[in-house]
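Residues per chain are reported as follows:
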2 protein chains.
Amino acid sequence: MNDQKIWTAALIVIGDEILSGRTQDKNIAQVAAWLNVQGIRLAEVRVVADDMDLIAEAVNILRARNDYLFTTGGIGPTHDDITVDAVAAALGLAVTIHPEARAILEQYYATRGGLNEGRLRMARVPDGAELIANRMSGAPGIRIENIYMMAGVPHITAGMLDALTGTLEGGAPLLSATLGAWAPESEIASILRDTEKAHDSCVIGSYPFFRNGTVGANFVVRSTEPHELETCRAALKAALEEAGYAVTDGGI
Amino acid sequence: MNDQKIWTAALIVIGDEILSGRTQDKNIAQVAAWLNVQGIRLAEVRVVADDMDLIAEAVNILRARNDYLFTTGGIGPTHDDITVDAVAAALGLAVTIHPEARAILEQYYATRGGLNEGRLRMARVPDGAELIANRMSGAPGIRIENIYMMAGVPHITAGMLDALTGTLEGGAPLLSATLGAWAPESEIASILRDTEKAHDSCVIGSYPFFRNGTVGANFVVRSTEPHELETCRAALKAALEEAGYAVTDGGI
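Being a predicted model, the structure only gives us computed values, none of them experimental.

**A word on the environment of Ala172 of chain B**
Residues and elements named next belong to chain B.
Next up, step 1: In this structure, Ala172 sits in the loop between helix 7 (154-164) and strand 9 (175-181).
Next up, step 2: Residue Ala172 is classed as partly exposed on the basis of its 15 C-beta neighbours within 10 Å.
Next up, step 3: Between the C-alpha atoms of Ala172 and His98, which are 74 residues apart in sequence, the distance is 35 Å.
Next up, step 4: Beyond its immediate stretch of four places on either side in the chain, Ala172 contacts Gln4, Gly39 and Thr224.

**Remarks on the interface of chain B and chain A**
Next up, step 1: Taken together, the contacts link 48 residues of chain B with 48 residues of chain A.
Next up, step 2: Of all the elements in the fold, those that place two or more residues in the side of chain B that touches chain A are helix 1 (16-19), helix 2 (27-38), strand 2 (40-48), helix 6 (117-120), helix 8 (189-197) and strand 10 (203-211) of chain B.
Next up, step 3: If you tally residues by element for the side of chain B that touches chain A, the top one is strand 2 of chain B, at 7 residues.
Next up, step 4: Split by residue class, the side of chain B that touches chain A holds 19 nonpolar, 15 polar and 14 charged.
Next up, step 5: In this sheet, strand 2 of chain B lies alongside strand 2 (residues 40-48) of chain A in antiparallel orientation, the contact comprising 5 bridges. The residue of strand 2 of chain B that forms the bridge with Val47 of chain A is Val45 of chain B.

**A few points about unusual backbone geometry**
Next up, step 1: One non-glycine residue, Glu145 of chain A, adopts positive backbone phi at about 50°.
Next up, step 2: Mapped onto the elements, Glu145 of chain A comes out in the loop between strand 7 (141-144) and strand 8 (147-150).
Next up, step 3: For Glu145 of chain A, a count of 14 C-beta atoms within 10 Å translates into the label partly exposed.
Next up, step 4: In this structure, Asn212 of chain B takes a positive phi of about 50° despite not being glycine.
Next up, step 5: A residue is classified by how many C-beta atoms lie within 10 Å of it, and Asn212 of chain B, with 6 of them, is exposed.

**Side note on the relation of the copies chain B and chain A**
Next up, step 1: Screw-axis analysis of chain B against chain A gives a translation of 0.0 Å along the axis, an RMSD of 0.0 Å, and a rotation angle of 180°. In short, the pair behaves as if placed about a two-fold rotation axis. Closest approach to the rotation axis among the C-alpha atoms of chain B is made by Arg46 of chain B, whose C-alpha sits 2.2 Å away.

**Regarding the sheet that holds strand 9 of chain B**
Residues and elements named next belong to chain B.
Next up, step 1: Spatially, the 4 strands line up as an open sheet ordered 10-11-9-12, and their pairing is antiparallel. Pairing within the sheet leaves two strands with one partner each, and these edge strands are strand 10 and strand 12 (247-249). For this sheet the average axis-to-axis angle between neighbouring strands, irrespective of direction, equals 25°.
Next up, step 2: Bridge count between strand 10 and strand 11 (residues 214-223): 9 bridges; the pairing is antiparallel. For Gly205, the partnering residue across the bridge sits in strand 11 and is Val220.
Next up, step 3: Where helix 8 meets the sheet, it contacts strand 10 and strand 11, and its direction lies at approximately 160° from that of strand 10.

**Description of the pairing of strand 11 of chain B**
Residue and element names in this part refer to chain B.
Next up, step 1: Of all 10 residues making up strand 11, 8 are buried, and the element is well covered by its neighbours.
Next up, step 2: By the bridge criterion, 7 bridges tie strand 9 to strand 11 in an arrangement that is antiparallel. Bridging from a neighbouring strand, Leu179 pairs with Phe219 of strand 11.

**Some words on the domain arrangement of chain A**
Next up, step 1: Taken domain by domain, chain A holds domain 1 (7-164) and domain 2 (175-249).
Next up, step 2: Once you take the C-alpha centre of each, domain 1 of chain A and domain 2 of chain A turn out to be 37 Å apart.

**Points about the sheet that holds strand 10 (residues 203-211) of chain A**
Residues and elements named next belong to chain A.
Next up, step 1: Taken together, 4 strands build an open sheet; the order of strands is 10-11-9-12 and the sheet is antiparallel. Across the chains shown, the open sheet's two edge strands, defined by having one partner strand only, are strand 10 and strand 12 (247-249). Mean inter-strand twist for the sheet, computed between neighbouring axes without regard to direction, equals 25°.
Next up, step 2: In this fold helix 8 (residues 189-197) packs onto strand 10 and strand 11 (214-223), with an angle of close to 160° to the strand it touches most, strand 10.

**Concerning the environment of Gly205 of chain B**
Next up, step 1: Structurally, Gly205 of chain B is set in strand 10.
Next up, step 2: Residues Gly205 of chain B and Val221 of chain B, spaced 16 residues apart in sequence, show a C-alpha to C-alpha distance of 6.5 Å.
Next up, step 3: Apart from residues no more than four positions distant in its own chain, Gly205 of chain B is found in contact with Asp16, Glu17 and Asp80 of chain A together with Val220 of chain B.

**Looking at the pairing of strand 7 (residues 141-144) of chain B**
All names here are of chain B.
Next up, step 1: Direction of pairing for strand 6 (residues 130-132) relative to strand 7: antiparallel, over a ladder of 3 bridges. Counterpart to Ile132 in the pairing with strand 7 is Gly141.
Next up, step 2: Judged from the 3 bridges that link them, strand 7 and strand 8 (residues 147-150) form a sheet pairing that is antiparallel. Among the inter-strand pairings, Arg143 is bridged to a residue of strand 8, identified as Tyr148.
Next up, step 3: Taken together, strand 7 and the strand that follows it, strand 8, pair antiparallel across an intervening segment of 2 residues, in which Glu145 is found at a positive phi of about 50°.

**Let's talk about the packing of helix 2 (residues 27-37) of chain A against helix 7 (residues 154-164) of chain A**
Residue and element names in this part refer to chain A.
Next up, step 1: One way to put it is that helix 2 packs onto helix 7 with a least axis distance of 10 Å and a crossing angle of 15°. Regarding the angle of helix 2 to helix 7, the classification is roughly parallel. When you trace helix 2 past helix 7, the crossing you get is right-handed. Side by side, helix 2 and helix 7 meet where Asn27, Gln30, Val31 and Trp34 of the first sit next to Pro154, Thr157, Ala158 and Leu161 of the second.
Next up, step 2: Of the residues in the contact of helix 2 with helix 7, the class split is 5 nonpolar, 3 polar and no charged.

**Some remarks on helix 3 (residues 52-65) of chain A**
All names here are of chain A.
Next up, step 1: Between its first and last C-alpha atoms helix 3 spans 21 Å; for 14 residues at 1.5 Å apiece the expected length is 20 Å, and the two agree.
Next up, step 2: Of all the residues in helix 3, the buried ones are Ile55, Ala58, Val59, Leu62 and Arg63. The buried residues of helix 3 occupy an angular sector of 115° when the element is viewed end-on, so they sit on one face. Of the exposed residues in helix 3, those oriented more than 90 degrees away from the buried face are Asp53, Ala64 and Arg65.
Next up, step 3: Check the buried side of helix 3 and you find it contacts strand 1 (7-14), strand 2, strand 3 (68-72), helix 4 (83-91) and strand 8.

**Description of the confidence of the model for chain A**
Next up, step 1: Scored by pLDDT, chain A has a mean of 93; 99% of the residues are at 70 or more.
Next up, step 2: In the predicted complex, the global pTM is 0.87; the interface-specific ipTM is 0.85.

Calculation notes
Residues numbered from 1 in each chain as written. Chains lettered and ligands numbered in written order. Predicted model: local features only at pLDDT ≥ 70, side-chain atom pairs only at ≥ 80, totals over all residues. Helix = DSSP H or I, 4+ residues; strand = E, 2+ residues; numbered from the N terminus. Buried ≥ 20, exposed ≤ 12 C-beta atoms within 10 Å, placed from the backbone. Contact = placed C-beta atoms within 7 Å. Nonpolar A, V, L, I, M, F, W, Y, C, P; charged D, E, K, R; others polar. Pairing = 2+ DSSP bridges. Least-squares fit on C-alpha atoms with pLDDT ≥ 70 in both. Axes fitted to C-alpha atoms, helices over the stretch in contact; angles between N-to-C directions. Domains from an automatic or database assignment. Parallel < 35°, antiparallel > 145°, perpendicular 65-115°, else oblique. Left-handed = near helix turned anticlockwise from the far one by under 90°. Expected span 1.5 Å × (residues − 1). Arc of directions from axis to C-beta. pLDDT = per-residue confidence, 0-100.

This is the structure in C-alpha cells:
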C-alpha cells in the first residue's frame, strides 16, 4: 500500500526579521497544515536572509527535488523585497511588469493615493508567470513553473493559500490520530518503537510536555491508510493501557 | 567600520512535528534573539524531517560555512530521536555512552523509576563530545566541534541557551532601533531605500501590519555601530516626518 506517489513541497521563508528573532514565524505551520489537506507533504523548510544569491541557491535546489516550492515574504513594495528578482535569476528569466497585476494595483490604489514607484514594484514578475489571487490587499502572489511566491504577512498568506485550495495535484492526505498519557516518554519508548515496527505504513511521533508539575506525552500516529492508522492507534492504546497508563483519545 | 569579523550560526530544527504543522516552532525566534546578544548572527535555518541522511547532509553543509551550528529536537529517549546518530554519522564518529551523562541520568531517575533502555539513550553522544547543562530536566545537551545539540521543547532549550551564555566567542552585537508610522509602506518605499543607501553600515527592514482597519509599518534599523545606528535612525525619522507622517519611537 506504500507504492503510491508521495507528493512533496518545500518552503523558503524569506526575511531578515525571522533570522533576527524579531518576528516569530507563523507561516511554516500554516503552509504545512494546508499542504496536508491537499495531499502534499512539506518535506523541508529553509529560512533565508534577504540576499539574492542565497535565495536563488535555495530556490534551485529545492524546486528540483520537490514537486512544489513555496516562498513566503519579500514580495512587497520596499527595497528589501527581492524575492521576484531572486526567483527570476534562479530560473534565468527576465523580470517584467505583469499587465493584470498592474491593473489590479491601479484599481486597488485608485482611492489610496494612486500607483507610485514602490507600489508598481508589486506588479513585477518573472517573465511568463501567473498571478495568485490576494483577497486581503492589492498585490497578488505569483506562480512560475512549480514555484509559488506568497506574501509574508500571515493573514495575507492565508488568503492566497485559500485561493489555491484544490488547484494543486496531490496524493492521499496524511492522516493522523493522537493519544495522550501522563507517562514519561522515557518509560514507554520501547512500546512506541515496537508498535511502529509492527505497522509498516505508520509512523509514530512522541511529543513530551511538562504541566502542573507532571510529565506526559502525546503520541501521534500518521499514515495515508485509514485502516492501518486505526489498527496502529488501537494497538498503541492497548499496549499503553497494559503498561498501566490511562490513555486519553485525541491527546491531552 | 565594516572590517570586523561577523560571526555566524546556522540552526537545524529537527522534527516531523514542525513539518506536519502540528507544532508551531518557537525555537527559531528564541535562538535568534539569544545569538544576537552573544554577538553572533543567525545566518540560516533549515527544518529537516526525522531522517538520518537528511539531517547529516544539512549538518555537514551548515557546520562548514558557519562559525556555529545549533540543532533543536531529536535528543530524547524515543525511537524518533536520532539527532545524535545523524551528527555522529556526519562527522564520521562512533556513538558512545558519556559517563557523566549516564551519572546525571542515574541521579535524575533514581526517584523516578530508575534508568531503562530508553532513558539510557539520552546518555549517547558522538565520541569526544562535551555536555551542555540542562537545568530543567535530566538529559543534557551535547557539544561536538562547533555543533550544539539542544532539546526541542522550548523551555528546556531556553535553559540550555542560558547555560551557554557568555561561553561562545562572538563579535559586536547587532543593535537595532525601531520607528513606527501609520503609513502604507508602499508610500514611503523610496525614503527607506534612500536612507539605507546613505548609511553604509545600516540595514533597514520594513514590517507592515494592518490593525483597526488601517495600514502601518514598523521600520527596524540594524547596525553593529551605535553611532551610525543613531544617525540613520534620526535621518529616517526626519524624512518620514517631512513626508507628513507622525513617527512613534520604538515602533507601534
